Amino acid sequence: MPKIKTSSVKYPDGWELIEPTLSELHSRMREAENDPHDGKRKCEPLWPIFKINHQRSRYLYELYYNKKISREPYEFCLDQGHADRNLIAKWEKPGYERLCCLHCIQTRDDNFATTCVCRVPKHLREEQVTECVHCGCKGCASGD
């Protein structure tokens, strides 16, 4: 979550371009956090939070790498916690371009020390409709 700062923060040039979208995603994140989770499985209430975190990080990543914002507002957003720095670092590596969350590649969270089922390409899966237990992703393998 972004750190709440007082007015002493100096916003970089280009902040006014990304601020409306980030504030809208921040309000959606608050709604997802306060959403009731009656009748859902234990892991399901976290799925919208992971999805919004992915959207927020992907938004900043694409703006920066498509040269629509400079490095200064990009680094400012990463430092303030508006995007997931580790997830963006994985997107830069080959084979992880469509990674949904970091839980899906951590081998310690699954049985048999493997990655999540959403990392398996769709043509290699035995079941065609599969949801990730961690984030609800239906497939983030780079070969899909």
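Here goes a summary of the coordinates provided. (Residues numbered from 1 in each chain as written. Predicted model: local features only at pLDDT ≥ 70, side-chain atom pairs only at ≥ 80, totals over all residues. Heavy atoms only, no water.)

1. Points about the packing of helix 1 (residues 15-34) against helix 3 (residues 71-80)
Keep this limit in mind: For every element, the axis is a line fit to its C-alpha atoms; helices are fit only across the contacting stretch, and the angle between N-to-C directions ranges from 0 to 180 degrees. Going along the chain from the N terminus, every DSSP run of H or I of four or more residues is numbered as a helix, and every run of E of two or more is numbered as a strand. The criterion used for residue contact is that any of the two residues' heavy atoms lie within 4.5 Å. For this scheme, ten residues count as nonpolar: Ala, Val, Leu, Ile, Met, Phe, Trp, Tyr, Cys and Pro. Four count as charged, namely Asp, Glu, Lys and Arg, and the remainder, Gly too, count as polar.
Running from N to C, helix 1 and helix 3 cross one another at 35°; their axes reach a closest spacing of 10 Å. For the pair helix 1 and helix 3, contact is made by Trp15, Ile18 and Leu22 and by Pro73, Phe76 and Cys77, respectively. Looking at the contact of helix 1 with helix 3 residue by residue, the classes come out as six nonpolar, no polar and no charged.

2. Topic: the packing of aromatic side chains
Both the distance between ring centres and the angle between the ring planes are used here to describe each pair of aromatic rings. The following threshold applies: Any two of the Phe, Tyr and Trp rings considered here, Trp counted by its six-membered ring, make a pair once their centres fall within 6.5 Å; the pair's planes then place it as stacked at under 30 degrees, edge-to-face at over 60, or tilted in between. Accessible area is worked out with a 1.4 Å probe on protein chains only. A residue is then buried under 20% of its type maximum, exposed over 50%, and partly exposed in between. In this scheme, the term charge over a ring applies when either NZ of a lysine or CZ of an arginine sits within 6 Å of the ring centre and within 35 degrees of the ring normal.
Applying the stated criterion to the full structure yields eight aromatic pairs. Judged by centre distance (6.3 Å) and plane angle (80°), the rings of Tyr65 and Tyr74 are edge-to-face. Among the residues examined, Tyr65 registers a relative accessible area of 37% and is labelled partly exposed. Aromatic ring contacts, followed pair by pair, group Tyr61, Tyr64, Tyr65, Tyr74 and Trp91 into a single cluster. Over the ring of Trp91 we find Arg58, and its NZ or CZ is 4.5 Å from the ring centre. Residue placement shows Lys90 over the ring face of Tyr96; its charged tip is 5.2 Å from the ring centre.

3. As for the state of the cysteines
To keep it simple, the criterion reads: A pair of cysteine sulfur atoms is labelled a disulfide when the two atoms are within 2.5 Å.
The tally for this structure, following the rule as stated, stands at zero disulfides. The thiol of Cys101 is not disulfide-bonded; the next cysteine sulfur, from Cys104, is found 3.5 Å away. When its relative accessible area of 4% is taken as the criterion, Cys101 is described as buried. Left without a disulfide partner, Cys116 is nearest to the cysteine sulfur of Cys132, which lies 3.1 Å away. Looking at Cys116, the relative accessible area reads 5%, which means it is buried.

4. A few points about the packing of helix 1 against helix 2 (residues 47-65)
Note the following rule: Here is the rule for angles: anything less than 35 degrees is roughly parallel, anything more than 145 is roughly antiparallel, 65 through 115 is roughly perpendicular, and the remaining ranges are oblique.
In contact at an axis separation of 9 Å, helix 1 and helix 2 are set at 170° when each is read in the N-to-C sense. Taken together, the axes of helix 1 and helix 2 lie roughly antiparallel to each other. Residues Leu17, Ile18, Thr21, Leu22, Leu25, Arg28, Met29, Ala32 and Glu33 of helix 1 form the contact with helix 2, whose own contacting residues are Pro48, Ile49, Ile52, Asn53, Gln55, Arg56, Tyr59, Leu60 and Leu63. The class makeup of the residues in the contact of helix 1 with helix 2 is 12 nonpolar, three polar and three charged.

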